[in-house]
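# Chains, contacts and geometry: an overview
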Amino acid sequence: MINFRALQLANEQQSAYGLRYDDFARYRKHCANRTHRLRSSLKMTHGTKGKEFKKLPSLTEMDLEKVKEGHLQLLLFESERAWAYAQELTSLSLLPTNSAHSASLLHHATGRFRRAINWATQLLSLTQRLYTSHKFTAESLLECTAYLLLLNGRFLLSAPREDFESALPQLCVTRLILDVLALHAGDSRDQALAVLWSDQVGPMVRWCAHQMGREKAYDVDSIVKEVSEQNVRDLVDNWDEVAEKFKKDAEHYGLGSNAKKLGKLDESRLMWEGEPVPVRNPELVDVLLKVQSAEMKMASSSGKDGKAPTKGGQGGKKAVAAYDSVLAALSDAEEVARKLSESESQKASSSTIPGSLPSSGGGQIRDMHFVHTYIVYQLLSKRIQRDLLLVDALVGEADAAGAAGIKGKTISSTSTSSADPRLYPAIVKLLDSILQSLSQLRTLSIVDDNPDLSAAVDARIGFSKAKRCVNLAKCYIVIPGDKKYAEALTLLQHATIHLREARRVTETLGLSADDSDPNDEVEFYPLLEKDLEVLEESINKEGLEYKRTWLEKGGAGVGEQQGGKGQKQKKPVFFNIALNYVDVDVELMERLRERAGMTPTAASTAQASTGYTQNRIAQATLGSSKAPAIAAPKAFASAVGPRAKAAVMEEGMSRSGTPEPRESDGNKAAGATSRLGSLLGGWWGKN
């Protein structure tokens, strides 16, 4: 049994050697080189140097026992070579520089087109003989038949013939054969191959119907059904027998072959908003099969429903490794889909041959763009899942280390002061990656077109920003030595704002406390109302703790408060500033200090009434701008009132007095004679 797939071989060669970008010259040269190598390997050259030339016998008359797959490939590449040359000449005839001899170019192109049909006819004749002798499959025969009919339809549509009435039956029967091949395909790759060739026929059928003046020229399926039923038995020999044989072989082969089952895409995994994702290219099928295989391995390694454990341990590490394999497969799929989408768009905008365009109607371009966007969405969602799993693994590992203790140090995610300083920066870095993926996700067209999905993504962006601010605030608290409470409180205020935005969006979605998001597309990032409440409670708790510690310890670190005996308690700056604006009741302050156990002694009161503090308060109270530098304690006490006493007590408890420097009589005399000498130093004026 000879295994020869004409459509598959032609598609692979066209995609690899120039026709993805309509480079017919490159493809023609490739076909010429391929036919030369095939003739050399089959020993079917046209003679050698120095010998008389002898014409080769026709391949259609060969003994079937000697026919190999190479003979069929030779006929196919000869046809492809002539067709590519015809397309190249046609495109050259349309250039303005060749307007003078465009007629000769079109005449030459017509001759090459007829030559291509001749080679394809020989291929079909040979395959029919092989099928009759049971050496060829019905599927391969149908592919060769569809290939010949497609060439005939293209030839009839090309300039200057444009015979639409004759081309329409050829194209409709071709579309019927391809639909049968796609419907009964054994695996997803064969189905995508048939759909790919069918997409090339659809625009040409619609164009023919429009030129013929049909009322519903846009309804390609009804036109194909009507016209193909009338002409299929005339254009295809033994159509009923061959089609029935193919269906039986496909059913038998599909039930008994494990290889075919492994090559079948799981359509339940390729759904978007309840509709299947169109996969119309065999290259996409290959990469998507790798993605599904990696997802199955991840599901089997992580447990039921493919959900990985979220609390540290070996299970979390294995799940992260499984996610890495899925992400690698999705990256390859995204690259293939992007190249296919770009090639289709470029081909549609640059080609000048309407009848040869695979995507003239624009449907395949839209499908390829949608598939590329869908794969990018899956890639970003899996990346977010991986990052969330890493965050849970870090927190779980920190909790486990805090419970067991590592080398005498307690590491806990619930206690910020005793946490590992490396924990929260790592979480912040992962949350940055999550926010980047969510931002890219929000810009995708399939997300922007769905209001509920875009709102759900916005809610997760706000929630992630709030979590990032909370963990970043903890980074300022776990700094060894110097703890920055002001920066941490500012970040908590930003977290409250982001959390309020996320709550507002979730309220528009109408979620209750225990309900999950109705969008199946955001299952990768579950967000419930209770998650928002837990985060809000954490923000309030952390903020209260930071404020209390900051006010009690004046912003000093824990290590500073536990220092030696000589260290004093550092008081916040606004305590000193408040005394300049607030009237202090002395009796009330004394009662508060008695309750706090801070009643000042007589010695401390006498000490507080001396120095620079006495001078400043005396000036403020008596209104004298030239008060003496030093005043006696008794005179000062009798001159000022109770408010000044309270101010003196407050200043005296916070810091000791700083007396003004006294000047001796000699210094006064020197200062009277020379101010410059007193300013520049004692050496000024020396002999």
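Residues numbered from 1 in each chain as written. Predicted model: local features only at pLDDT ≥ 70, side-chain atom pairs only at ≥ 80, totals over all residues. Heavy atoms only, no water.

### Description of the environment of Val-336
If you trace the backbone, Val-336 turns up in helix 12 (residues 313-350). Sequence separation between Val-336 and Glu-283 is 53 residues, and the spatial gap between their C-alpha atoms is 7.4 Å. If near-sequence neighbours (up to four positions away) are discounted, Val-336 is found in contact with Glu-283, Leu-284 and Val-287. (Helix = DSSP H or I, 4+ residues; strand = E, 2+ residues; numbered from the N terminus. Contact = heavy atoms within 4.5 Å.)

### Quick look at the pattern of salt bridges
All chains considered together, the criterion is met by 28 salt bridges. Put simply, Arg-39 and Glu-78 hold a salt bridge, and the shortest N to O gap is 3.2 Å. You can see Arg-39 sitting in helix 2 (residues 24-42) and its partner Glu-78 sitting in helix 3 (residues 69-93), a full 39 residues away along the chain. There is no split in this pair, since Arg-39 and Glu-78 are both buried. For the salt bridge of Asp-286 with Arg-189, the shortest nitrogen-to-oxygen distance reads 2.5 Å. Taken together, the residues span a long stretch of sequence, with Asp-286 in helix 11 (residues 282-302) and Arg-189 in helix 7 (residues 188-211) at a distance of 97 residues. Through salt bridges with shared partners, a single network forms among Arg-5, Glu-139, Glu-143 and Asp-190. (Salt bridge = Lys/Arg side-chain N within 4 Å of Asp/Glu carboxyl O. Buried < 20%, exposed > 50% of the residue type's maximum accessible area, 1.4 Å probe, protein only.)

### Structural notes on the packing of helix 4 (residues 102-132) against helix 5 (residues 138-157)
Between two packed helices, the angle of one axis relative to the other and the distance separating the axes together describe the packing. Direction vectors running N to C along helix 4 and helix 5 enclose 160 degrees, while the axes themselves pass 9 Å from each other. Here helix 4 is positioned roughly antiparallel relative to helix 5, judged by the angle of their axes. Between helix 4 and helix 5 lies a crossing of left-handed hand. Within the contact between the two elements, helix 4 uses Thr-110, Phe-113, Arg-114, Ala-116, Ile-117, Ala-120, Thr-121, Leu-123, Leu-124, Thr-127, Gln-128 and Tyr-131 and helix 5 uses Ala-138, Leu-141, Cys-144, Thr-145, Tyr-147, Leu-148, Leu-151, Asn-152, Arg-154 and Phe-155. Looking at the contact of helix 4 with helix 5 residue by residue, the classes come out as 14 nonpolar, 6 polar and 2 charged. (Axes fitted to C-alpha atoms, helices over the stretch in contact; angles between N-to-C directions. Parallel < 35°, antiparallel > 145°, perpendicular 65-115°, else oblique. Left-handed = near helix turned anticlockwise from the far one by under 90°. Nonpolar A, V, L, I, M, F, W, Y, C, P; charged D, E, K, R; others polar.)

### Describing unusual backbone geometry
The phi dihedral of Asp-22 falls on the positive side, at around 60 degrees, and the residue is not glycine. Of note, Asp-22 is situated in the loop between helix 1 (6-16) and helix 2. At His-134, a position not held by glycine, the phi torsion is positive, near 60 degrees. Mapping His-134 onto the fold places it in the loop between helix 4 and helix 5.

### Here's the deal with the confidence of the model for the protein chain
Residues with a pLDDT of 70 or more make up 71% of the protein chain, whose mean pLDDT is 78. Here residues 255-260 is modelled with pLDDT under 50, and outside its nearest four sequence neighbours on either side it reaches 5 contacts, counting other chains as well. Considering only residues more than four positions removed or in separate chains, one finds that residues 555-567, a stretch of pLDDT under 50, has 11 contacts. (pLDDT = per-residue confidence, 0-100.)

### Some words on the packing of aromatic side chains
Per the counting criterion, the structure on display carries 7 aromatic pairs. With centroids separated by 5.7 Å and ring planes inclined at 70 degrees, the aromatic side chains of Phe-164 and Trp-207 adopt a geometry described as edge-to-face. Remark: Trp-207 occurs in helix 7 and Phe-164 occurs in helix 6 (residues 164-183); sequence separation between them is 43 residues. Judged by relative accessible area, which is 13%, Phe-164 ranks as buried. Ring geometry for Trp-272 versus Tyr-374: centroids 6.2 Å apart, planes at 85 degrees, classification edge-to-face. In this pair, Trp-272 is assigned in strand 1 (residues 271-272) and Tyr-374 in helix 13 (residues 363-404), connecting sequence segments 102 residues apart. Like Tyr-374, Trp-272 is buried. Stacked on the ring of Tyr-85, the Lys or Arg Arg-28 has its end atom at 4.6 Å from the ring centre. Its guanidinium or amino end placed over the ring of Phe-155, Arg-161 lies 4.1 Å from that ring's centre, counting from NZ or CZ. (Phe/Tyr/Trp six-rings, centres within 6.5 Å; stacked < 30°, edge-to-face > 60°. Lys NZ or Arg CZ within 6 Å of the ring centre and 35° of its normal.)

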